[in-house]
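Fold and contact review
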Amino acid sequence: MSADTPSDNPRSSTETDNDNVIQSASDTEDTTELIDEIERRRSLTGIAAVITAAIGVLFSIFQLLLAAQSFTITLWAPIVGTVNISLQLLQANAIHVTFALVLTFLLFPATMGEGFISQTFSRAHTTVVETLGESNPLSKVITHLATVLRWAFLDPNRRRITPFDVISIIAAILTTTYFITDFEEIQRMRVFGLESGRPVVEIYPILDPVLGGLPIIGDISYALLLGVIGILLVLEATRRTLGLPLMLIVATFIIYARWGYLISTTTPLLGLLAIPELTWPDIIQNLWYNTENGVFGIPVTVSVSFIYIFILFGAFLEMSGAGQWFIDLAYALTGRRKGGPAKASILASGFMGTISGSSIANTVTTGAFTIPLMKQSGYSAEFSGAVESSSSSGGQILPPVMGAAAFLMVQYTATPFADIIILATIPAVVFFFGVWVMVHLKAVEEGIGGVDAAELISLREHLLDGWYYIIPIALLLFYLIIERLSVSRSAWFTLVSLVALITLVGAYNKDTRGVLTLSLAAIIGVELLSHSFAGVSVVEFISGTRANAMPASVAIDTVLPRIGWYIIAASILTLLYKPKAVSAHLELNPSVLNTVEDVSSRTNANIGDYQLFRLGAFIFESMEDGARTAVPVVIAVAAAGIIPGVISVSGLGPNLTSLLLVLSGGSVVIMLVVTAFASILLGMGMPTTVTYIILISMLASPLVEFGIPLLAAHLFILYFGVIADITPPVAVAAYAASGVAKSDPFETGVKAFSLSLNKAIVPFAFVLAPGIVLLRKKSNAAELPLRERYRVIEFADLLDLSYAIPEIAIPIIGVFIGVVALGVTVIGTLYTEVSTIERIGFATSSLILMSPQLLWTLIIDILTLLGTSLMMTGSVIELILRGIGLALFVILATRNRKDAAI
């Protein structure tokens, strides 16, 4: 049999497989449409879709070049030759944000006619026409004006680019062009201020006759004007992608920066918010032309360096078919167990969390497969949606990838990402274990079994068919934890390895493996010879470059790190030799196959039969999907960066810390509760990244002032920001799940919050008992600043049993047992139904097992307020309380088991 139809290919082109591909593509389209509807994205077609896709791919290419070569990019082009491009950080950040702005104005409509302003104009137009009559001249003028405004702004069906979008795109490109072409002027203005910049009429002499005579506009600095336009564009993009509330919050901070000096310093409490007077040029310079704070500050720098490349890694992994493979793996592992579909949903959501940090995307993508199966097995629609949204929201706290906020934590705390992984692992495992316990108890209560074994994939066969999907994640952990490489380099090497792996698997079958092996051996052999004798690669040797010959060992050390590129080259050569070879194992994401089918039908060619084209479509689709996914994140960090920018330029930070310390009355419990509520309230309907940036700017320092470890304080804020995604009344992830489950949205949100209750209690546990997140106070902590007093534990700390047992082992065991007690409290079942009194008992047991420090600290605060103190140390009290909680749990569990046996 020829290579075109390999006999060992289980996915050869049969009618059944074609039907499955079409069905999968259809399901993918439905999922994509649902996500677009939730996020209010356009569904573009034709030339607009092509342009948008091309810009998205260019965005990804730009980020890949930065990841590979940092800010000095070397490109080679025919005729032109080698081109070196050196970028400053501010320039790179500006290009990054501009790509996101352009894509925002292409993907998100300015208005669909449903907003307050649109509705008001519409009612006013109707009233005038009905009052004056259609033939009245004023009615005609107003009708004509309304028509023009609709044409310029309105996109009710999310399908067309409006003139306002085009103007916004041009303005965004102009702002970045200035960063690239006039960077020396920007540097000079850092000393002399924005008003020293060239006026607009000097940049555009053609405008001199119109603007030159005007007293203010004619003399306005071009840099100042572009800064104002740029910030307004960021605010508009924020409104489109993230909603009006966040835009108003950011705009309020800008207004506060200008007029906050009007607050009297003599006003009680509020006087602490008084700031020095700032002019508009001062504000714009700090918010637009600065890499420390503002739009292009630390959050955007983190997005440029870390966040985008990991989003792209997730997109490549998803488009390779890994998402569906992980979902099937979850069912293979747990499908036969009691409540198997719900447990599989938890695992699948965790696996998908490794690919994507978006709660909504995780919920809809995984839920399209898991929610129907949960409903079929006996879970209610609301509970099924709650399980999926609760688990999917955990993707942002699950290592190794986590969400964008984790990378911000790296930058804000100056902590290696490997340490963040260690820090976050145990709380994340506790959370998923807690949801697992609750769905198990619900299965016990409802008598829900597992999936029929005949409907499940064999675990052994599944692993043999897609084991290679695990390699990129293992490599990522290896680079981060073992090699201790930077986050960006680790992501880049992992991404290259992933593409190499997919092209290798895509080119492999029984008939091509010989050619593939010979091609790879030949490429490596030629490269080794070239380095051994000429000291350079083959490409450099052909271009005429020479260097000193290398010893064989040095040549091997030079060639081996490039093995990924050699695998890609060998796979391409194999597919050029066997163009219609079909992979024996690779099944790309249905959206990739859908793109291939679409291109084939439009070109009236069988181009989709060529495996090299399919792999090319995989790369193209991955880069475009990565850009689309990154757009809201980039806009979020750009907008949220304005808030710490205002706090910094106004000097508000210390005053805000003082205010919060006064309001809390010196109680760490009150401070933690206020932080938790602020995180949830602010995070409702907003990305976790935005909530994190805003709250660490305002609340992290006060928490550290109470003696809470810096990393634990940041993780505390992150956890409650994540909880906001499933907290009614704006539980975006839960409402997305209800759309898939066809359930009541509010009830789904309530159940999702109930299932995630341990995510609300565990943060209190680890900020008061840092050993749970593997943090230990340094031996010289008293001599160090508050931010530097704790460190991530090392292996030697685990061998110190006098520390490890009371500070790590006992608190962690207590948290896990407490999670079980919490599950019984929420579900109302253990072995059998529990009474109301027993539920109260389990709730009490759960609280003091998970965080006895919370109760103890509250008692201390009350006693301090009363002027009393206790002689007993906190560690002894905590141990006693945990013992009481454990005893209560054992007694109640034993009693419930006896009741079940009756």
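Summary of the structure given here. Predicted model, so just to flag it, every value in this text is computed and none were measured. (Residues numbered from 1 in each chain as written. Predicted model: local features only at pLDDT ≥ 70, side-chain atom pairs only at ≥ 80, totals over all residues. Heavy atoms only, no water.)

1. Side note on the overall build of the protein chain
Put simply, the test is: Secondary structure is summarised from DSSP: a helix means a run of H or I of at least four residues, a strand means a run of E of at least two, and numbering begins at the N terminus for each. Using C-alpha atoms as the atom set, the radius of gyration is obtained and then compared with a globule rule of 2.2 Å times the number of residues to the power 0.38. The cut-offs for exposure are 20% and 50% of the maximum accessible area for each residue type, with area from a 1.4 Å probe on protein chains only; residues under the lower value are buried, those over the upper are exposed, and the others partly exposed. Two residues qualify as a contact provided that any one of their heavy atoms is within 4.5 Å of a heavy atom in the partner residue. What sets the accessible areas is the Shrake-Rupley method with a 1.4 Å probe; for residues, cover comes only from the shown protein chains. We score Asp and Glu as negative and Lys and Arg as positive, and we do not count His or the chain ends. Throughout, a charge is located at the NZ atom of Lys, the CZ atom of Arg, the CG atom of Asp or the CD atom of Glu.
Along the protein chain, the regular secondary structure elements total 41 helices and 4 strands. Relative to the compact-globule value of 29 Å for 902 residues, the protein chain shows a C-alpha radius of gyration of 30 Å, a close match. Viewed in the frame of its principal axes, the protein chain has a C-alpha envelope of about 80 × 80 × 75 Å. Across the 902 residues that make up the protein chain, the buried fraction comes to 52%. Summarising the internal contacts of the protein chain: among those between residues at least 6 apart in sequence, 75% fall at separations of at least 24. Carbon together with sulfur atoms contributes 65% to the accessible area of the protein chain, which is approximately 39,000 Å² in total. When the 48 positive and 66 negative side-chain charges of the protein chain are each reduced to one mean point, those points stand 3 Å apart.

2. So, the pattern of salt bridges
Pairing between side chains becomes possible if they bear opposite charge and their charged atoms approach one another. Our working definition: What makes a salt bridge here is a side-chain nitrogen of Lys or Arg within 4 Å of a carboxyl oxygen of Asp or Glu, nothing more.
Inspection of the entire model under this criterion finds 16 salt bridges. The salt bridge partner of Arg 776 is Asp 800, with a shortest N-O separation of 3.2 Å. One end of the pair, Arg 776, is in strand E3 (residues 775–777); the other, Asp 800, is in the loop between helix H37 (795–799) and helix H38 (801–827), with 24 residues separating them in the sequence. With a shortest N-O distance of 3.7 Å, Arg 895 and Glu 838 are connected by a salt bridge. A residue pair is termed long-range when its members are at least 10 positions apart, and Arg 895 in helix H41 (residues 874–901) and Glu 838 in helix H39 (residues 836–850) qualify at 57 residues. Accessibility expressed as a relative area gives 6% for Glu 838, which makes it buried. Counted as one network, the salt bridges with shared partners bring together Arg 42, Asp 155, Asp 165, Glu 236, Arg 239 and Arg 240.

3. Some thoughts on the packing of helix H3 (residues 89–107) against helix H28 (residues 611–640)
The line we're drawing: Convention adopted: a line fitted to C-alpha atoms gives each axis, helices being fitted over their contacting stretch, and angles between N-to-C directions are expressed from 0 to 180 degrees. With respect to orientation, any angle under 35 degrees is reported as roughly parallel, any angle over 145 as roughly antiparallel, any angle of 65 to 115 as roughly perpendicular, and every other angle as oblique. Put simply, a crossing is left-handed when the front helix is turned counterclockwise from the back one by less than a right angle, and right-handed when it is turned clockwise.
The contact between H3 and H28 brings their axes to 9 Å, and the two run at 115°. The angle between H3 and H28 falls in the class roughly perpendicular. Considering the relative orientation of H3 and H28, their crossing is left-handed. Taking contact as the criterion, the partners of His 96, Val 97, Ala 100, Leu 101, Leu 103, Thr 104 and Leu 107 in H3 are, on H28, Ala 627, Arg 628, Val 631, Val 634, Ile 635 and Ala 638.

4. Examining helix H17 (residues 381–393)
Selection rule: A helix is expected to reach a length of 1.5 Å times the quantity of its residues less one.
If you check H17, its first and last C-alpha atoms are 18 Å apart, about what 13 residues at 1.5 Å a residue would give, namely 18 Å. H17 sits mainly inside the fold: 13 of its 13 residues count as buried.

5. Points about the packing of aromatic side chains
For the record, the criterion: Each aromatic pair joins two rings of Phe, Tyr and Trp (for Trp, the six-membered one) with centres within 6.5 Å, and gets the label stacked for planes under 30 degrees apart, edge-to-face for over 60, and tilted for any other angle. Criterion for a charge above a ring: Lys NZ or Arg CZ within 6 Å of the ring centre, and within 35 degrees of the ring normal.
Evaluation of the coordinates by the stated rule reveals 30 aromatic pairs. Centroid distance Phe 316 to Phe 618: 5.6 Å. Interplanar angle 85°. Geometry classified as edge-to-face. Within this pair, whereas Phe 316 is found in helix H13 (residues 298–319), its partner Phe 618 is found in helix H28, the two being separated by 302 residues in sequence. The exposure class of Phe 316 is buried, given its relative accessible area of 3%. Residue class for Phe 618 comes out buried when judged on its relative accessible area of 0%. Among the aromatic residues, ring-to-ring pairing joins Trp 325, Phe 326, Trp 467, Tyr 468 and Tyr 469 into one connected group. When the ring centre of Phe 431 is taken as reference, the NZ or CZ atom of Lys 759 above it lies at 4.2 Å. One Lys or Arg, Arg 776, reaches over the ring of Tyr 803 and ends 3.8 Å from the middle of that ring.

6. Quick word on the layout of surface pockets
We count it as follows: Cavities and pockets were defined on a 1 Å grid built over protein atoms only: a cavity is a set of grid points that admits a 1.4 Å probe from which the probe cannot escape, a pocket is an open set flanked by protein on both sides within 12 Å along at least five of seven lines, and lining residues are those with an atom within 4 Å of any such point. Grid points are joined across faces, edges and corners, and a volume is the space filled by probe spheres set on the points. Any residue outside Ala, Val, Leu, Ile, Met, Phe, Trp, Tyr, Cys, Pro, Asp, Glu, Lys and Arg is labelled polar, Gly included; the first ten of those are nonpolar and the last four are charged.
Approximately 1,600 Å³ is the volume found for the second largest pocket. For the second largest pocket, the lining is made up of 45 residues, of which Trp 492, Val 496, Arg 562, Gly 564 and Trp 565 are closest to its centre. Elements that contribute at least two residues to the lining of the second largest pocket include exactly helix H2 (46–69), strand E1 (72–77), helix H21 (470–482), helix H22 (487–507), helix H23 (513–534), helix H24 (538–542), helix H26 (563–577) and H28. Considered class by class, the residues forming the lining of the second largest pocket number 33 nonpolar, 9 polar and 3 charged.

7. Let's talk about the nonpolar core
What counts, and what does not: Here, nonpolar core means buried Ala, Val, Leu, Ile, Met, Phe, Trp, Tyr and Cys residues that are tied together by side-chain atoms lying within 4.5 Å of each other.
In terms of nonpolar packing, the biggest core is built from 239 residues, with Tyr 692 and Phe 766 touching the most fellow members. Apart from the residues within four sequence positions on either side, Tyr 692 is in contact with Ala 405, Leu 408, Met 409, Tyr 412, His 714, Ile 717 and Leu 718.

8. Description of a nonpolar patch on the surface
What counts here: Grouping into patches uses exposed residues only, defined as over 30% relative accessible area, and leaves out salt-bridged ones; the cut-off is 9 Å for like charges and 5 Å for nonpolar side chains (Val, Leu, Ile, Met, Phe, Trp, Tyr).
Judged by side-chain polarity, Ile 255, Trp 259, Leu 262 and Trp 280 come together as a nonpolar surface patch covering roughly 420 Å² of accessible area. Look at Trp 259 and you get partly exposed, because its relative accessible area is 39%.

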